[in-house]
Amino acid sequence: MRWLSDPLLVVEGLTMRFGGLVAVRDLSFSVGRGDITALIGPNGAGKTTVFNCITGFYKPTSGLMALSTDGAVDPDAVAALTASSRRYALREDAPDADGLFLLERMPDFEIAQKAHVARTFQNIRLFPGMTVLENLIVAQHNRLMRASGWSLLGLVGAASYRDAEREAVERACFWLDRIGLLARADDAAGSLPYGDQRRLEIARAMCTGPVLLCLDEPAAGLNPKETAALNGLLRAIRDEHATSILLIEHDMSVVMEISDHVIVIEYGLRISDGTPDSVSNDPKVVAAYLGVEDDEVAIAEAEAGL
C-alpha cells in the first residue's frame, strides 16, 4: 500500500465552498508514488472540484495539499514549509526537479511547471486546427521558450535552441508512436476519431514530463476496444515512465482492472478508501451507487453506518 508507505501527494482537510454550497468537505487522502489511484463517486460528488483544487484551477477554502517529487511526503518538512509561508522548497542540487510543494499556495502554471502535475479534462481540449504533432510540441512550450532565451536565441538560430527543438520533436514522435498515431502526425487534430483524440490528449500531457498525471474520465465515450487500449496505455505510463496517475472514472470495469487504490466520495465526503476489492464490497459504496427503495433507506443507512 504505497499510498500509506510512500505517498507522492497528501491531501488533508480539503474544503471547497462556493458561497453557501460546500462542494468538498474536510477531505483527506493520499496518492501513492507509482500507483494508479481512482477517485470515484456518484455524479455531483465533488470529484472534479477536487481535481480543480489539486491542479490550481480553484483555490480551496481550507486544507493542505503537499506533493513531494523527492521521496515520500515528510510531515516534519511539510510543517516547516507551512510555518515559513513559502509555496515550495527545492533541493539546491536539482532546483528544476526535486522538492516539496504546497499546491494550495501555488498558481496553476507553477503547479504544472514546477511541481510537474499535468491533467486532462472531461471535454477534450486539443487545438483542433493544429496538426497532431504541433499539439504535442506546444505542450513543451516552457522548455522551448527557455532554450530560445525568450525568443532571441530562437530568432538567430542558436545551437541550444535547435537542440531543444529537435528534442521536443523527438519526444512528440515517441508518444505519437506509443499511441499509434505517428502516421497521422501532419493531420489536423480535429480530424481524428474520438478515441484517438482521447489518447492524443494523454500523450500531450505526458510530453510535459509529469510526476502526477490527473485524468478526468479518460474512458468516457470509448468503445470496448478503445477502452482496452487505454488500460494498456495507462499501465505503461505507470510502469515504464515513473508517473503516478490519479483518475476520475465512471467506468467501473476500468477502475477495477487497473487501479491500485480507490477513493470513494459522496457529497464531498470520503466514504471509502482502499484496494479495489475492499471498496467494491463496502456497504457504504453499494448504498451510494445503487441506492435503495424509500422504505429501506433507514435500514441501509444503519447497515452502512451512515
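Since the structure is predicted, the reported quantities are computational estimates derived from the model, not experimental observations.

Trainee: Describe the nonpolar core, listing the residues and the values that go with them.
Mentor: In terms of nonpolar packing, the biggest core is built from 41 residues, with Leu 176, Leu 200, Leu 213, Leu 234 and Ile 237 touching the most fellow members. Both of domain 1 (2-116 + 209-303) and domain 2 (124-208) provide at least three residues apiece to this core. Apart from residues lying up to four places away in sequence, Leu 234 is in contact with Ile 36, Ile 202, Leu 215, Ile 245, Leu 247 and Ile 258. Among the nonpolar cores identified, the runner-up in size contains 32 residues, and Leu 9, Val 31, Met 65 and Val 117 belong to it.

Trainee: Describe the pattern of salt bridges, with residues and values.
Mentor: Under the defined criterion, the tally for this structure stands at twelve salt bridges. A salt bridge links Arg 184 to Asp 187; the nearest nitrogen and oxygen atoms lie 2.7 Å apart. Note on Asp 187: relative accessible area 29%, which makes it partly exposed.

Trainee: Residue-level account of the sheet that holds strand β11 (residues 269-274), with values.
Mentor: The pairing of strands in a sheet happens through backbone hydrogen bonds and is either parallel or antiparallel. Pairing in this open sheet of six strands is mixed, and the strands run β7-β8-β9-β3-β10-β11 from one edge to the other. At either margin of the open sheet sits one strand with a lone partner, and together these are β7 (117-119) and β11. Neighbour to neighbour, the strand axes of the sheet diverge by 20° on average, direction disregarded. Sheet topology places strand β8 (residues 212-216) next to strand β9 (residues 244-248); five bridges connect them, and they run parallel. The residue of β9 that forms the bridge with Asp 216 is Ile 248. On the sheet, helix α2 (residues 47-54) packs against β3 (36-40), β7, β8, β9 and β10 (261-266) and is oriented at approximately 145° with respect to β9. Against the sheet, helix α10 (residues 224-240) touches β3, β8 and β9, its axis set at about 150° to β9.

Trainee: Could you give me a rundown of the pairing of β3, with the residues and numbers involved?
Mentor: Across the five residues that make up β3, a large majority, five, are buried. Residues of β3 alternate between two faces, with Ile 36, Ala 38 and Ile 40 on one and Thr 37 and Leu 39 on the opposite face, all of them buried. Pairing of β3 with β9, which is carried by four bridges, proceeds in the parallel orientation. Counted as the bridge partner of Ile 36 is Ile 245 from β9.

Trainee: I'd love a proper account of the domain arrangement of the protein, names of residues and values included.
Mentor: Assigned domains of the protein: these are domain 1 (2-116 + 209-303) and domain 2 (124-208). Put simply, the middle of domain 1 and the middle of domain 2, counted by C-alpha atoms, are 27 Å apart. Taken together, the 21 residues of domain 1 in the interface contact 14 residues of domain 2. Interface area, domain 1 with domain 2, both sides summed: about 1,400 Å², of which 66% is carbon and sulfur. Summed over the shared surface of domain 1 and domain 2, the number is two residue pairs in polar contact (both at pLDDT 80 or more). Those elements that provide at least two residues to the side of domain 1 that touches domain 2 are β8 and α10. Per-element tally for the side of domain 1 that touches domain 2: the top contributor is α10, with seven residues. For the side of domain 1 that touches domain 2, the class distribution of residues is eleven nonpolar, seven polar and three charged.

Trainee: Tell me about the sheet that holds strand β4 (residues 62-68), and please be specific about residues and values.
Mentor: Read across the open sheet, the five strands follow the order β2-β1-β4-β6-β5; overall the sheet is antiparallel. Among the strands making up the open sheet, the edge pair consists of β2 (21-32) and β5 (88-90). Going across the sheet, the axis of each strand differs from the next one's by a mean of 15°, ignoring polarity. Across three bridges, β4 lies against strand β6 (residues 99-102) in antiparallel orientation. Bridging from a neighbouring strand, Leu 67 pairs with Phe 101 of β6. Against the sheet, helix α3 (residues 75-84) touches β4, β5 and β6, its axis set at about 55° to β6.

Trainee: Describe in detail the environment of Met 130, supporting the description with residues and values.
Mentor: Turning to its location among the elements, Met 130 is positioned in the loop between β7 and α5 (132-138). A relative accessible area of 31% places Met 130 in the partly exposed class. Other than its neighbours up to four places away in sequence, Met 130 contacts Asn 135, Asp 187, Ala 188 and Ala 189.

Trainee: Summarise helix α9 (residues 194-206); cite the residues concerned and give the values.
Mentor: With 13 residues, α9 ought to run about 18 Å at 1.5 Å a step, and its terminal C-alpha atoms sit 19 Å apart, in line with that. Burial analysis of α9 places twelve of its 13 residues in the buried class, the great majority of the element. Those residues of α9 that fall on the buried side of the exposure criterion are Gly 195, Asp 196, Gln 197, Arg 198, Arg 199, Leu 200, Glu 201, Ile 202, Ala 203, Arg 204, Ala 205 and Met 206. Where α9 is buried, its residues meet β7, α5, α8 (159-178), β8 and α10.

What counts and what doesn't
- Residues numbered from 1 in each chain as written.
- Predicted model: local features only at pLDDT ≥ 70, side-chain atom pairs only at ≥ 80, totals over all residues.
- Heavy atoms only, no water.
- Core = buried A, V, L, I, M, F, W, Y, C linked by side-chain atoms within 4.5 Å.
- Buried < 20%, exposed > 50% of the residue type's maximum accessible area, 1.4 Å probe, protein only.
- Domains from an automatic or database assignment.
- Contact = heavy atoms within 4.5 Å.
- Salt bridge = Lys/Arg side-chain N within 4 Å of Asp/Glu carboxyl O.
- Pairing = 2+ DSSP bridges.
- Helix = DSSP H or I, 4+ residues; strand = E, 2+ residues; numbered from the N terminus.
- Axes fitted to C-alpha atoms, helices over the stretch in contact; angles between N-to-C directions.
- Buried area = accessible area lost by both parts, 1.4 Å probe.
- Polar contact = N/O pair within 3.5 Å; in protein donor to acceptor, adjacent residues only side chain to side chain.
- Nonpolar A, V, L, I, M, F, W, Y, C, P; charged D, E, K, R; others polar.
- Expected span 1.5 Å × (residues − 1).

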